[in-house]
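Listed below, chain by chain, are the residues.
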Amino acid sequence: MSEDTPLLRRVRTLTRVVAEHPFLVLALTWGVLIGSWTYASHLQLKSDFLQLLPSKSVAAQRFRSAVERQRGSASTLLVMVESQDDEKTMRFIDLVESEARKLPKALVGSVEHGPGEARTFVERNRWLFAGERDLERTECELGAARARALPGYVELDDPCADFAEPAAAAKADGDATERPQQKHSPLRDFQARADAEIKKHDQFPTGYFRSAEGHSYTLVIRSPSGGFGDSAGERLMRIVQESCARAEQATGVPASAVGFAGDIPSALADVQALKDDITIVSGAAILLVFGSIILFFRSVVSLLHIGFAVLTGCGIAFAVAMAAFGHLNNATGFLGSIIFGNGINYGIIYLARYRERRGSGDDMITALCDASTTCLSGTWLASLAASGAYAALMITSFRGFSEFGLIGGVGMLACWTATFVVVPATVAALERVRGQSATRKPPSVSAPVAQAIGKIAHSAPRAVLFLALALGVAAALPLPRYLRDPWEYDFSKLRSISSDKHGAGRWSSRADQVFKTRGSPQLVLADNLDQVLGLADAVRKADAAVTGGKFVDRVETIYDLLGGAPDVVARKLQLLVKIRSHIDHVRPHLDDEERAIADKWRPPEYLRLLTPADLPAQLRDRFTEKDGRVGTSLFVYLSPDVSQSQGHNLIKISDLLERVHLPNGHTAPNAARATVFAEMIRSMERDAPRATLFALLIVMAVCLLVERRVLPVVAVLGSLFCAVLLTAGGAAWLDVRLNFLNFVALPLTFGIGVEYAINLYERIRAEGGDISAGVRSVGGAVMLCSLTTIFGYGALLFADNQALRSFGRYAIAGELACITTAIFVMPAALALARKRENHAK
């Protein structure tokens with residue numbers, strides 16, 4: 001039996017006081033429960049990935065700085081319509097566009113159904129968009145043609161031989177092979193080359209953003225929202241959806257033909273999937289846990305005792321979250337089901353012992369006091385170890401981990417405390433209401449299983465340990481390769497499944513086909529217009545240095561809309577003056593076809609050096625900051641071959657942009673989502689090993705400080721190490737990679753790994769060292785604890801979010817390993833040690 005200590009005497013006294021005044025205790029508990037949950041109900045779910053990064057993250061600060069400066073092109077919302085009826089589709093787009101243009105600038109920066117004013121601007125200044133090299137060649141060839149028209153001119157050699165062959169340029173027109181016999185004409189060649197260049201600025205000749213096959217139309221809405229699922233993006237999305245619903249009724253376009261793509265819908269789809277998962281997962285976990293408890297105790301009333309305690313503990317945990325953070329993030333949003341599934345274990349152990357003692361003939365007070373003292377050491381140490389494992393996450397700078405650690409750590413301690421106060425109060429109150437004092441039979445649902453396990457561990461310890469050793473060796477084989485790089489770098493495996501198949505993910509892929517891009521461009525900001533060309537050149541050099549020039553497709557600046565840099569345009573204007581003079585002189589000698597070309601492409605006198613003020617609003621607004629600065633934005637378009645779902649690519653993109661510096665040496669601000677996700681990867685790689693080691697050290701320290709004896713410490717930690725080995729080895733064999741959600745399963749495994757072993761060891765010690773009796777006494781309750789936890793994690797397997805699913809798989813693997821080593825391996829090791837000790841005597 002347990003040694004009677006001052007602590008145990010105080011616990012018995014507290015239990016008697018609670019049992020004698022149950023209604024007062026329950027009234028106070030009810031106040032705490034209502035107050036904590038009322039306060040916690042103000043928690044907001046902030047699924048913005050920026051909320052996961054360290055508060056002092058330089059990448060996050062640069063991203064926020066760029067978003068705050070940019071007027072309206074930080075993120076996109078694309079409204080897409082797929083229909084065979086062009087007239088209805090264009091009317092639909094026009095209706096939604098007209099309503100979107102009325103929205104405040106805080107939500108919408110620009111709205112475009114097609115090139116619009118940009119086409120008119122480009123057409124009016126089309127000569128400036130011809131390449132400088134093409135203008136030089138055209139001027140040379142027209143000059144030579146003009147000279148040939150002079151009497152007595154003798155051409156000794158080709159004055160334009162330095163330029164490319166005409167046939168090569170003609171191919172840009174797409175039909176050069178159809179007319180190889182056509183004689184060389186400087187004007188025709190110039191038209192072919194100029195048209196090809198202008199097409200780069202005008203891919204949509206219908207005036208609408210329409211796909212090549214003509215069935216998909218797109219409305220582009222640019223917003224100052226960060227595009228990570230923030231409230232502004234959510235509000236804009238809701239308004240646009242309502243506008244689309246009205247347009248559907250007005251035009252007859254079916255809702256099934258309308259979809260949403262871009263940064264904002266994609267982020268919000270993941271957010272909504274996460275919210276739905278939290279609701280579904282938490283509800284399913286609670287139902288499964290409650291159902292298993294009812295089956296085990298064969299009593300619905302058991303839910304009152306255990307449920308009241310764990311709900312109080314969870315309420316306190318989330319009230320602390322409200323006080324500390326005021327929100328939940330992607331990592332902590334589903335923590336309720338985890339705290340519930342783990343925190344309920346203390347009540348199960350306590351109530352099982354109480355029922356056992358009542359079944360043995362003890363009165364209510366005696367049975368409650370025995371349950372309190374017998375379960376105290378095991379559950380307290382388990383609670384402290386689990387809380388410490390959670391707390392280890394708080395040393396990380398990655399807020400997705402640190403906030404998770406505080407809430408979970410408080411939750412474990414709160415659930416343990418509530419168990420030893422609330423359970424005896426509910427038991428005593430119910431006994432008073434019923435007026436019953438008769439003994440109750442202990443639950444027998446799992447007694448045969450626990451008894452069989454105890455017999456196996458006692459009678460065949462060598463066989464159990466040999467099997468455990470074999471499994472351990474098998475688990476260790478792939479670990480060296482796995483531990484070198486255990487991280488999940490494929491972000492497509494962490495997103496919503498439904499979004500990729502039917503929602504924003506699917507429509508975004510369709511939009512990439514329409515615009516011939518892959519995702520939104522990366523935004524980089526200069527301090528002023530004079531820095532833009534230098535930064536654009538820095539981006540290209542950084543790409544060459546980091547990726548060998550494979551990632552950046554093009555860098556778009558405001559100068560690309562003005563015909564080029566001022567010095568380039570100045571040289572073009574000089575060439576165009578000469579071309580105009582040549583055309584005027586040779587025009588009388590041209591045939592009708594060439595004369596038409598000459599009339600179309602004769603450079604007008606109004607051509608001049610353009611400035612940002614000359615741009616139409618549709619083009620200028622995209623390059624305008626909130627403070628009125630124009631032209632400081634650079635848009636870095638990545639190659640269509642570069643996947644932005646691959647973590648390694650994200651890191652390279654981030655490294656590339658980190659090399660782009662302002663004249664003062666500081667990295668240029670950017671609103672590149674790649675840098676945010678790359679920072680997440682770096683934070684996990686930096687903080688995860690440190691948190692894992694710290695969690696292990698905390699658990700070991702708790703065992704040493706509380707037990708202070710060699711045998712229990714070796715038994716408990718041996719069970720823990722074996723469970724961790726099996727968990728990590730299983731993940732290695734199945735190639736389950738770590739990510740920003742499932743990583744916390746490792747520290748949780750440390751806490752759980754000692755919880756079951758501690759409770760089992762303490763009960764064996766309480767039974768005078770009788771292993772079979774100890775396993776028979778608490779084995780069923782411990783297995784129920786494991787089952788409820790598995791149910792809590794198992795519900796995650798049905799989540800739409802793939803990151804949650806991966807967490808469920810990893811956590812269940814850890815749970816199975818922990819219960820197996822605690823219920824089989826540790827008793828077998830103790831039995832073998834006992835046999836050797838007896839043999840030695």
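Just so it is clear, the structure is predicted and the values come from calculations on it, not from any experiment.

*Asks:* How would you sum up unusual backbone geometry? Please name residues and give values.
*Replies:* Positive phi is not limited to glycine here, since Arg 298 has a value of about 55 degrees. Along the chain, the position of Arg 298 falls in the loop between α10 (263-297) and α11 (301-324). Assessed through its relative accessible area of 59%, Arg 298 is described here as exposed. For Asp 735, which is not a glycine, the phi torsion comes out positive at approximately 60 degrees. Among the structural elements, Asp 735 can be located in the loop between α26 (710-734) and α27 (745-766). For Asp 735, a relative accessible area of 42% puts it in the partly exposed group.

*Asks:* With reference to specific residues and values, describe the pattern of salt bridges.
*Replies:* All chains considered together, the criterion is met by 36 salt bridges. A salt bridge links Arg 554 to Asp 553; the shortest N-O distance between them is 3.8 Å. The exposure class assigned to Arg 554 is partly exposed, which follows from its relative accessible area of 38%.

*Asks:* Which residues make up the pairing of strand β10 (residues 633-638), and what values go with them?
*Replies:* Of all six residues that make up β10, six are buried, and the element is covered over most of its length. Side-chain alternation along β10 places Ser 633, Phe 635 and Tyr 637 on one buried face and Leu 634, Val 636 and Leu 638 on a second face that is also buried. Bridge count between strand β8 (residues 522-525) and β10: four bridges; the pairing is antiparallel. The partner of Leu 523 across the bridge, within β10, is Phe 635. The sheet contact formed by strand β9 (residues 552-556) and β10 spans four bridges and is antiparallel. From the neighbouring strand, Glu 556 faces β10, where its bridge partner is Phe 635.

*Asks:* Can you lay out the environment of Ala 668 for me, pointing to particular residues and giving the numbers?
*Replies:* Tracing the sequence through the fold places Ala 668 in the loop between α24 (647-658) and α25 (673-707). Distance from Ala 668 to Leu 535, taken between C-alpha atoms, is 8.4 Å for residues 133 residues apart in sequence. In contact with Ala 668, not counting residues within four places along its chain, are Arg 62, Val 524, Leu 525, Leu 535, Val 660, His 661 and Leu 662.

*Asks:* Tell me about the sheet that holds β8, residues and numbers included.
*Replies:* Ordered in space as β8-β10-β9, the three strands form an open sheet in which the pairing is antiparallel. At either margin of the open sheet sits one strand with a lone partner, and together these are β8 and β9. Put simply, the sheet's adjacent strands are angled 25 degrees from each other on average, direction ignored.

*Asks:* Which residues make up helix α1 (residues 6-20), and what are the values?
*Replies:* With 15 residues, α1 ought to run about 21 Å at 1.5 Å a step, and its terminal C-alpha atoms sit 21 Å apart, in line with that. Restricting attention to buried positions, one finds in α1 the residues Leu 8, Val 11, Thr 15, Val 18 and Ala 19. Buried positions in α1, seen along its axis, are confined to an arc of 95 degrees and lie on one side of it. Buried residues in α1 make contact with α2 (22-40), α12 (335-359), α13 (364-391) and α14 (399-434).

*Asks:* Tell me about a nonpolar patch on the surface, residues and numbers included.
*Replies:* On the surface, Leu 469, Val 473, Leu 477, Trp 733 and Leu 734 cluster together into a nonpolar patch covering about 600 Å² of accessible area. For the nonpolar patch, the secondary-structure elements that each account for two or more residues are α16 (461-476) and α26. Counting through the fold element by element, Leu 477 comes out in the loop between α16 and α17 (479-484).

*Asks:* Pulling in residues and values, what's your account of the packing of α10 against α11?
*Replies:* Across the interface, α10 lies against α11 with an axial gap of 9 Å and an inter-helix angle of 125 degrees. By the criterion of interaxial angle, the relationship of α10 to α11 is oblique. Considering how the two elements wind past one another, α10 and α11 form a crossing that is right-handed. Facing α10, whose interface residues are Phe 290, Ile 293, Ile 294 and Phe 297, α11 presents Ser 302, Leu 303 and Ile 306. Of the residues contributing to the contact of α10 with α11, the split by class is six nonpolar, one polar and no charged.

*Asks:* An account of the packing of aromatic side chains is needed here, citing residue identities and associated values.
*Replies:* Tallied over the full model, the rule gives 14 aromatic pairs. Consider the rings of Tyr 350 and Phe 420, whose centres lie 5.3 Å apart with planes at 85 degrees: the pair is edge-to-face. Note that Tyr 350 is positioned in helix α12 and Phe 420 in helix α14, a separation of 70 residues in sequence. Neither Tyr 350 nor Phe 420 differs from the other in exposure class; each is buried.

*Asks:* For the side chain of Ser 302, give the residues involved together with the corresponding values.
*Replies:* Position of Ser 302 among the secondary structure elements: in helix α11. Filtering out sequence-adjacent residues up to four positions away, Ser 302 remains in contact with Ile 293, Ile 294, Phe 297, Gly 307 and Leu 351.

*Asks:* Run through the nonpolar core, naming residues and quoting values.
*Replies:* Phe 297, Ile 338, Ile 348, Phe 743, Tyr 793 and Phe 807 are the most contacted members of the largest nonpolar core, which has 213 residues in total. For this core, the element with the highest residue contribution is α25, accounting for 15 residues. Discounting residues that sit within four places of it in the chain, Phe 807 has contacts with Phe 334, Ile 338, Leu 741, Asn 742, Val 744, Ala 745, Leu 748, Tyr 793 and Leu 796. In this structure, Phe 92, Val 96, Ile 221 and Met 237 belong to the second largest nonpolar core, which totals 26 residues.

*Asks:* Which residues make up the environment of Lys 572, and what values go with them?
*Replies:* Among the structural elements, Lys 572 can be located in helix α21 (residues 566-586). Expressed as a C-alpha distance, the spacing of Lys 572 and Leu 128, which sit 444 residues apart in the sequence, is 6.9 Å. Discounting residues that sit within four places of it in the chain, Lys 572 has contacts with Leu 128, Phe 129, Ala 130, Gly 131, Glu 132, Leu 135 and Gly 563. In this structure the side chain of Lys 572 is engaged in a polar contact, spanning 2.8 Å, whose partner is the backbone oxygen of Gly 563.

*Asks:* Before we move on, could you go through the packing of α1 against α14 and cite the residues and values that matter?
*Replies:* Running from N to C, α1 and α14 point in directions that differ by 40 degrees, and their axes come no closer than 8 Å. Considering their axes alone, α1 and α14 lie oblique with respect to each other. With respect to the hand of their crossing, α1 and α14 are arranged in right-handed fashion. Facing α1, whose interface residues are Thr 15, Val 18, Ala 19 and Glu 20, α14 presents Val 421, Pro 424, Ala 425, Ala 428 and Arg 432. Of the residues belonging to the contact of α1 with α14, the class tally is six nonpolar, one polar and two charged.

*Asks:* So, the pairing of strand β2 (residues 75-82): which residues are in play, and what are the values?
*Replies:* Most of β2 is tucked away: seven of the eight residues are buried. Judged from the eight bridges that link them, β2 and strand β5 (residues 216-223) form a sheet pairing that is antiparallel. Along β5, the bridge assignment pairs Val 79 with Leu 219. In this structure, β2 lies alongside strand β6 (residues 258-261), joined through four bridges in antiparallel fashion. Across the sheet, Met 80 pairs through a bridge with Gly 259, a residue of β6.

*Asks:* Tell me about the environment of Leu 830, residues and numbers included.
*Replies:* Inspection of the secondary structure puts Leu 830 in helix α29 (residues 802-840). C-alpha of Leu 830 to C-alpha of Pro 712: the two residues are 118 residues apart in sequence and 9.6 Å apart in space. In this structure Leu 830 touches Leu 711, Ala 715, Tyr 761, Ile 764 and Ile 771, once residues within four positions along its chain are discounted.

What counts and how
- Residues numbered from 1 in each chain as written.
- Predicted model: local features only at pLDDT ≥ 70, side-chain atom pairs only at ≥ 80, totals over all residues.
- Heavy atoms only, no water.
- Helix = DSSP H or I, 4+ residues; strand = E, 2+ residues; numbered from the N terminus.
- Buried < 20%, exposed > 50% of the residue type's maximum accessible area, 1.4 Å probe, protein only.
- Salt bridge = Lys/Arg side-chain N within 4 Å of Asp/Glu carboxyl O.
- Pairing = 2+ DSSP bridges.
- Contact = heavy atoms within 4.5 Å.
- Axes fitted to C-alpha atoms, helices over the stretch in contact; angles between N-to-C directions.
- Expected span 1.5 Å × (residues − 1).
- Arc of directions from axis to C-beta.
- Patch = residues over 30% accessible without salt bridge, like charges linked within 9 Å, V, L, I, M, F, W, Y side chains within 5 Å.
- Areas by Shrake-Rupley, 256 points an atom, 1.4 Å probe, with all protein chains shown as cover.
- Parallel < 35°, antiparallel > 145°, perpendicular 65-115°, else oblique.
- Left-handed = near helix turned anticlockwise from the far one by under 90°.
- Nonpolar A, V, L, I, M, F, W, Y, C, P; charged D, E, K, R; others polar.
- Phe/Tyr/Trp six-rings, centres within 6.5 Å; stacked < 30°, edge-to-face > 60°.
- Core = buried A, V, L, I, M, F, W, Y, C linked by side-chain atoms within 4.5 Å.
- Polar contact = N/O pair within 3.5 Å; in protein donor to acceptor, adjacent residues only side chain to side chain.

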